[in-house]
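Structural characterization, general
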Amino acid sequence: MDNIKIIGEWYFEHDGIREGPFFNFITTDGLAQIAELLKGASSPYLVVGDDTTSGETITEIFRKAVSTVTRTGNMVRFRTQLLTSECNGNHNKWCIYLNGSATAGTGTMFNLLLQSWTKTVNTTLTVECKIIVS
């Protein structure tokens, strides 16, 4: 399980001397602001792949613009609805890309889930990726 970790470091320089690092914490409002920045990321896409290659890679077989992005406090939800005609079959990888387009391979992979799942033509599926900034 990956966690988002944010470190605040402070330094003071004077008379040719550098003091630090001194560490601080990110406030509750600060975490909410980071979540707001993530919510505002441009052009999020759900990307699905069938490959089993390890690492931060995916062989795309399906891509769709995220339906809704919402934020509550320091939590961001990316939700995408797949209709009965979309993304049917057996799949192994799911990710959210940011700054993407409808063209395969565009954008930046933000996260990656390795989870086998089968979707049939009889299924409408809502996929939610929830990110908690803490």
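Residues numbered from 1 in each chain as written. Predicted model: local features only at pLDDT ≥ 70, side-chain atom pairs only at ≥ 80, totals over all residues. Heavy atoms only, no water.

This part takes up the pattern of salt bridges. Using the criterion set out here, one finds seven salt bridges in the structure. Here E86 makes a salt bridge to K64, at a shortest N to O gap of 2.8 Å. With a gap of 22 residues between them, E86 in the loop between strand 6 (75-82) and strand 7 (89-98) and K64 in strand 4 (residues 60-65) connect regions that are remote in the sequence. Accessibility expressed as a relative area gives 18% for E86, which makes it buried. In this structure, a network of salt bridges that share partners links the residues R77, R79 and E128. (Salt bridge = Lys/Arg side-chain N within 4 Å of Asp/Glu carboxyl O. Helix = DSSP H or I, 4+ residues; strand = E, 2+ residues; numbered from the N terminus. Buried < 20%, exposed > 50% of the residue type's maximum accessible area, 1.4 Å probe, protein only.)

What follows is about the environment of L37. Looking at where L37 falls in the secondary structure, it is placed in helix 1 (residues 28-39). The exposed category is assigned to L37, whose relative accessible area is 59%. Along the backbone, L37 and H14 are 23 residues apart, and their C-alpha atoms lie at a distance of 34 Å.

This next bit is on the sheet that holds strand 6. Spatially, the three strands line up as an open sheet ordered 5-6-9, and their pairing is antiparallel. In this open sheet, the two edge strands, each paired with only one partner strand, are strand 5 (68-72) and strand 9 (125-132). Strand after strand, the sheet turns through a mean of 20° between neighbouring axes, direction not considered. Bridging between strand 5 and strand 6 involves five bridges; their strand directions are antiparallel. Across the sheet, T68 pairs through a bridge with R79, a residue of strand 6. The strands touched by helix 1 are strand 5, strand 6 and strand 9; relative to strand 5, the strand with the most contacts, the crossing angle is about 175°. (Pairing = 2+ DSSP bridges. Axes fitted to C-alpha atoms, helices over the stretch in contact; angles between N-to-C directions. Contact = heavy atoms within 4.5 Å.)

The next point concerns the pairing of strand 7. Counting buried positions along strand 7 yields seven of 10 residues, so the element is predominantly enclosed. Strand direction decides the pairing type here: strand 3 (residues 45-49) and strand 7, joined by five bridges, are antiparallel. When the bridges of strand 7 are listed, V47 appears paired with C95. Here nine bridges tie strand 7 to strand 8 (residues 108-119), and the two strands are oriented antiparallel to one another. Paired with I96 across the bridge in strand 8 is N111.

Our next topic: the pairing of strand 3. Here is the key point about a regular strand: its side chains alternate between the two faces of the sheet. Counting buried residues in strand 3 gives five out of five residues, a clear majority hidden from the surface. Residues Y45, V47 and G49 line one face of strand 3 and the alternating positions L46 and V48 line the opposite face, and both faces are buried. Inspection of the sheet shows strand 3 paired to strand 4 by five bridges, in the antiparallel sense. In the strand pairing of strand 4, V48 is matched with F62.

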